[in-house]
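Letter by letter, the chains look like this.
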Amino acid sequence: MRVSSHCLLLSIAVLGLLPACGTVKNVASHIPVPRLPKMSDVAKLIPGMPDSDRVDASDPEVPFNSRQPLSTGHTLRLEVYEGTRSPSRVYRGITMVNEEGLVDLGEVGSARVAGKQLPQAMDAIGAAFRVAGRTTRPVTVHLISVENTPLIGVQGDVQAPEYIPAFEDVTVKQAVTVSGGRRLGSTARGVYISRDGARRFFTSMEWADEQWSLRAGDIIILSPDI
């Protein structure tokens, strides 16, 4: 069952307040909260990766909020692609923010992400791949999850880029609404959705919702001029 944008916004707001006040729990019990998919189901979409966002036995469980900066101990599930036409995957893995604030990206090296919001952290990771590969081709970083919270990116012609939890049956329009919507005064309607490094264009969010089912790791990119 799809949840309304109003319900999704209210649910996220209440979830964000739960640790602060016990009385909020009584309010939350009357609000239908959208569910996150199981990580085992998310892992099936990306073969070759474990069910849990855990590097090894020493990897701690760290509280995570998609609107808060990354910190030491946060563990990220990533896929990185180079190019947009026939994109090639150059990285797939699970990596933890170490005590120096870095994530290990294998042969590429590392990227400093601690203290950064998720969009800026993904920019830093993308930059690390561009520098290491000495490439002018676009690099797309798909953030699939952090600390077992599946995520969807929203960027482009938006108030501010961000990542939101990939709730079951969330629509493109709902995801954009939660992120604050298009920039003030924007008249554009077009939207791209990136998956596995490839982009697909839709003439509107409504058309995208008819043709596309979002999943963890997808990136919604609102066109600024179409």
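Above this note sits the structure.
Residues numbered from 1 in each chain as written. Predicted model: local features only at pLDDT ≥ 70, side-chain atom pairs only at ≥ 80, totals over all residues. Heavy atoms only, no water.

**Q** Is there a simple way to think about the overall build of the chain in this case?
**A** Helix and strand content of the chain: six helices and ten strands. Here the chain holds 226 residues, and the buried ones make up 47% of them. In the chain, 58% of the contacts between residues at least 6 apart in sequence involve partners at least 24 apart. Here the chain has roughly 11700 Å² of accessible surface; of this, 52% comes from carbon and sulfur atoms. (Helix = DSSP H or I, 4+ residues; strand = E, 2+ residues; numbered from the N terminus. Buried < 20%, exposed > 50% of the residue type's maximum accessible area, 1.4 Å probe, protein only. Contact = heavy atoms within 4.5 Å. Areas by Shrake-Rupley, 256 points an atom, 1.4 Å probe, with all protein chains shown as cover.)

**Q** Please clarify how the side chain of Asp 218 should be interpreted in this entry.
**A** Mapped onto the secondary structure, Asp 218 falls in the loop between helix 6 (205–211) and strand 10 (219–222). A relative accessible area of 1% places Asp 218 in the buried class. Engagement of the side chain of Asp 218 in a polar contact is seen with the side chain of Arg 195, the distance being 2.7 Å. Within the structure, the side chain of Asp 218 is placed 3.2 Å from the side chain of Trp 212, a separation counted as a polar contact. Filtering out sequence-adjacent residues up to four positions away, Asp 218 remains in contact with Leu 151, Ile 152, Gly 153, Ile 193, Ser 194, Arg 195, Trp 212 and Ser 213. (Polar contact = N/O pair within 3.5 Å; in protein donor to acceptor, adjacent residues only side chain to side chain.)

**Q** Whenever I open this one, the nonpolar core confuses me. Can you help?
**A** Nonpolar side chains tend to gather and get buried jointly when the protein is soluble and globular. Of all hydrophobic cores here, the largest spans 27 residues; its most connected members are Val 172, Leu 214 and Ile 220. Elements with a contribution of two residues or more to this core: helix 3 (39–45), strand 6 (149–156), helix 5 (172–178), strand 8 (191–195), helix 6 and strand 10. No other element matches helix 5, which puts four residues into this core. One finds Leu 78, Val 80, Ile 125 and Phe 129 within the second-largest nonpolar core, a separate group that totals 23 residues. (Core = buried A, V, L, I, M, F, W, Y, C linked by side-chain atoms within 4.5 Å.)

**Q** For this particular structure, what's the right way to read the pairing of strand 2 (residues 88–96)?
**A** The sheet contact formed by strand 1 (residues 75–82) and strand 2 spans eight bridges and is antiparallel. Its bridge partner lying in strand 2, Arg 77 is registered against Ile 94. Hairpin connection, strand 1 to strand 2: the antiparallel pair is bridged by five residues, and Gly 83 has positive phi, about 85°. (Pairing = 2+ DSSP bridges.)

**Q** Could you clarify how one ought to interpret the pattern of salt bridges in this entry?
**A** Opposite charge on two side chains makes pairing possible when the charged atoms of those side chains draw close. Throughout the structure, instances matching the rule amount to twelve salt bridges. Residue Arg 137 is joined to Glu 82 by a salt bridge in which the shortest nitrogen-to-oxygen separation is 3.2 Å. With Arg 137 in the loop between helix 4 (118–133) and strand 5 (139–146) and Glu 82 in strand 1, this residue pair connects regions lying 55 residues apart in the sequence. Arg 137 sits in the partly exposed class, given a relative accessible area of 33%. (Salt bridge = Lys/Arg side-chain N within 4 Å of Asp/Glu carboxyl O.)

**Q** I keep staring at the pairing of strand 9 (residues 198–202) and nothing clicks. Help me out?
**A** Side-chain direction in a regular strand flips from residue to residue, so the side chains alternate between the two faces of the sheet. Relative to strand 9, strand 8 is paired through five bridges, and the arrangement is antiparallel. Bridge pairing in strand 9 places Ile 193 opposite Arg 200. The loop that links strand 8 with its antiparallel partner strand 9 comprises two residues; one of these, Asp 196, has a positive phi angle of about 55°.

**Q** Please clarify how the packing of aromatic side chains should be interpreted in this entry.
**A** Remark: the centre distance and the inter-plane angle together describe each pair of aromatic rings, the angle taken between the planes. Applying the stated criterion across every chain, the model contains three aromatic pairs. Seen from the ring of Tyr 192, Arg 199 lies directly overhead, with NZ or CZ sitting 5.8 Å from the centre. (Phe/Tyr/Trp six-rings, centres within 6.5 Å; stacked < 30°, edge-to-face > 60°. Lys NZ or Arg CZ within 6 Å of the ring centre and 35° of its normal.)

**Q** Is there a simple way to think about the environment of Pro 50 in this case?
**A** By the element assignment, Pro 50 lies in the loop between helix 3 and strand 1. Between the C-alpha atom of Pro 50 and that of Gly 93, which follows or precedes it by 43 residues, the distance is 9.4 Å. Once you skip the residues sitting within four places of it in the chain, Pro 50 turns out to touch Ala 43, Arg 77 and Ile 94.

**Q** What's the story with unusual backbone geometry in this structure? I'm lost.
**A** Comment: phi is negative for the bulk of residues other than glycine, and the bulk of peptide bonds are trans. Its identity as a non-glycine residue notwithstanding, Glu 147 has a phi of 50°, on the positive side. The topology assignment puts Glu 147 in the loop between strand 5 and strand 6. If you check the backbone angles, Asp 169 has positive phi at about 65° while not being a glycine. Among the structural elements, Asp 169 can be located in the loop between strand 7 (162–165) and helix 5. On the basis of relative accessibility, which here comes to 39%, the residue Asp 169 falls in the partly exposed class.

**Q** Just checking my understanding: could you explain the side chain of Asp 59 for this structure?
**A** By the secondary structure assignment, Asp 59 is in the loop between helix 3 and strand 1. Although Asp 59 lies buried, it forms no salt bridge, and the closest oppositely charged side chain, Arg 54, sits 5.7 Å away as judged by the N-O distance. At 2.8 Å, the side chain of Asp 59 forms a polar contact with the backbone nitrogen of Val 55. Here the side chain of Asp 59 touches Thr 75 through a polar contact of 2.7 Å, side chain to side chain. (Lys, Arg positive; Asp, Glu negative; His and termini not counted.)

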